[in-house]
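One letter stands for each residue in the lines below.
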Amino acid sequence: MEPALAIRQAAAEAAMAGHSHYTQVSGTLALRQAVGRALLRDQGLAYTPDQIVISAGAKHALFNAFSCLLDPGDEAILPAPYWVSYPEQIKLAGGRAVVVPSSAEDGYKLTPAKLEQALGPKSRLLVLNSPNNPSGAVYTEQELRALVAIAVERDLTIVSDEVYQQVVYPPARHVSPASLSQAAFEATVVVSGVSKSYAMTGWRIGYLASPDPQLAKAASALQSQVTGNPTAVAQRAAEVAFGLPKEATAGQLAAFTRRRAAVLEACSAVAGARITPPDGAFYGFVDLEGCLQRWHETSTDAFCQRLLAEYGVAVVPGSAFGAPGAIRFSFAVADQVLAEALGRLVEALSR
Ligand SMILES: Cc1ncc(COP(=O)(O)O)c(C=O)c1O
């Protein structure tokens, strides 16, 4: 059966079988076991079910992690470009995001030297997101080892958002920082979910996994007062998704690979636009510093508004991600829509 159908059928069967009651706050045992098996299968990470908390999406799992780990005034090292919700969630948790910028020259990655520079007496955690939204950067094992060594030495907790772990373009490959050593395992909170890997954004199932027994307990206690368990029927659907073999998502990856090639080809045709080929995720992230003067604009915010109004193409200004000179657009859209949008974007940027 087609993977998407198997997932839907599991949910339909669960609904018809009367799975309409509360589950354990941290998710059903069956789902936590399925997540544990997937983490072991994909990354060699061994967690017990009581070290895993299922939440309403990776976003909710991240919020739980920041809320439980940060005390007022604690600092979280946040490499830019970053996903939009990190700084806001860190703020909501009473922490302070210490943003560390990067550029196309660094491949939009945090370097050990920049990490060292950003550290201070209040540093409490490091946010890593590989593959990255918005840049598509994927850290190599070697790069991660250097960052993790510093984090371990400085007693930081690593919050590793791996929600795009299945969307990686070879030869790049996904490595979890938690997999690098026992010390790295202990220092890392892994966050992921079904949204991106199984195209299940609306089901709202994510998780955190941590060997720190206090963290899973605290996240569950927090969740019990705020949302309770995630939807029972969606949990059953996610259980099936996490059990799918890797080949089940091969069709999706092939489509993204095709669209990625179209994006790279289109952007390479524009003088002054600089695209760093994404090693993962499904976003085009383009530095427009060399193009904006043709639009008589100094910011990509204004450019994005005009692009939407004049060309009907929606892209997100880099200011949302802590990288104001760039724009981001998603290529998780049908090939024809993408082709039309790319045509208009190239026309706009080339004028
Ligand atoms: C980097 C990153 N983390 C987390 C999320 C949230 O995932 P979920 O839909 O599981 O809440 C997103 C969604 O766009 C994302 O890009």
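Reference entry: report on the structure contained in this document. Model, not experiment: these values are computed from the prediction.

It is worth spelling out the pattern of salt bridges at this point. Pairing is possible between side chains that carry opposite charge, provided their charged atoms lie close to one another. Within this structure, the stated rule accounts for 15 salt bridges. When the shortest N-O distance is used, the salt bridge between arginine 274 and glutamate 105 registers 2.9 Å. Here the residue arginine 274 occupies a position in strand 8 (residues 274-275), and glutamate 105 occupies one in the loop between strand 3 (96-100) and helix 5 (112-118), the gap between them amounting to 169 residues. On the accessibility criterion, arginine 274 (38% relative accessible area) is partly exposed. Its relative accessible area of 59% is what places glutamate 105 among the exposed residues.

Of note, alanine 187 is situated in helix 7 (residues 182-187). For alanine 187, a relative accessible area of 12% gives the class buried. Contacts of alanine 187, omitting those with residues within four sequence positions, involve Val152, Leu156, Thr157 and Ile158.

Before going further, it helps to examine the pairing of strand 9 (residues 283-287). The element strand 9 is extensively covered by neighbouring structure, given that five of its five residues are classed as buried. Pairing of strand 8 with strand 9 involves two bridges; the strand directions are antiparallel. The residue bridging arginine 274 from the neighbouring strand is aspartate 287, located in strand 9. Here strand 9 runs beside strand 11 (residues 326-330); their pairing, made up of five bridges, is antiparallel.

Per the counting criterion, the structure on display carries 12 aromatic pairs. Ring geometry for tryptophan 295 against tyrosine 311: centres 6.1 Å apart, planes inclined by 50°, an arrangement best described as tilted. Taken as a pair, tryptophan 295 in the loop between strand 9 and helix 11 (300-311) and tyrosine 311 in helix 11 lie far apart in primary sequence, 16 residues in all. Like tyrosine 311, tryptophan 295 is buried. An aromatic cluster is present here, built from Tyr164, Phe256, Phe282 and Tyr283 joined pairwise through their rings. The lysine or arginine in question, lysine 109, covers the ring of tyrosine 139, its NZ or CZ lying 5.8 Å from the ring centre.

This brings us to the site of the ligand. What surrounds the ligand is a group of 13 residues, the closest being Asn133, Asp161, Tyr164, Ser195 and Lys196. Note that an oxygen atom of the ligand is positioned 2.7 Å from one of the side-chain N or O atoms of tyrosine 164. Take lysine 196: an N or O atom from its side chain is 2.7 Å from an oxygen atom of the ligand. For the ligand, the protein covers 92% of the area, taking 400 Å² as the surface of the free molecule. Of the residues that constitute the shell around the ligand, the class distribution is five nonpolar, four polar and four charged.

What counts, and where the lines are drawn
Residues numbered from 1 in each chain as written. Predicted model: local features only at pLDDT ≥ 70, side-chain atom pairs only at ≥ 80, totals over all residues. Heavy atoms only, no water. Salt bridge = Lys/Arg side-chain N within 4 Å of Asp/Glu carboxyl O. Helix = DSSP H or I, 4+ residues; strand = E, 2+ residues; numbered from the N terminus. Buried < 20%, exposed > 50% of the residue type's maximum accessible area, 1.4 Å probe, protein only. Contact = heavy atoms within 4.5 Å. Pairing = 2+ DSSP bridges. Phe/Tyr/Trp six-rings, centres within 6.5 Å; stacked < 30°, edge-to-face > 60°. Lys NZ or Arg CZ within 6 Å of the ring centre and 35° of its normal. Near = heavy atom within 4 Å. Polar contact = N/O pair within 3.5 Å; in protein donor to acceptor, adjacent residues only side chain to side chain. Areas by Shrake-Rupley, 256 points an atom, 1.4 Å probe, with all protein chains shown as cover. Nonpolar A, V, L, I, M, F, W, Y, C, P; charged D, E, K, R; others polar.

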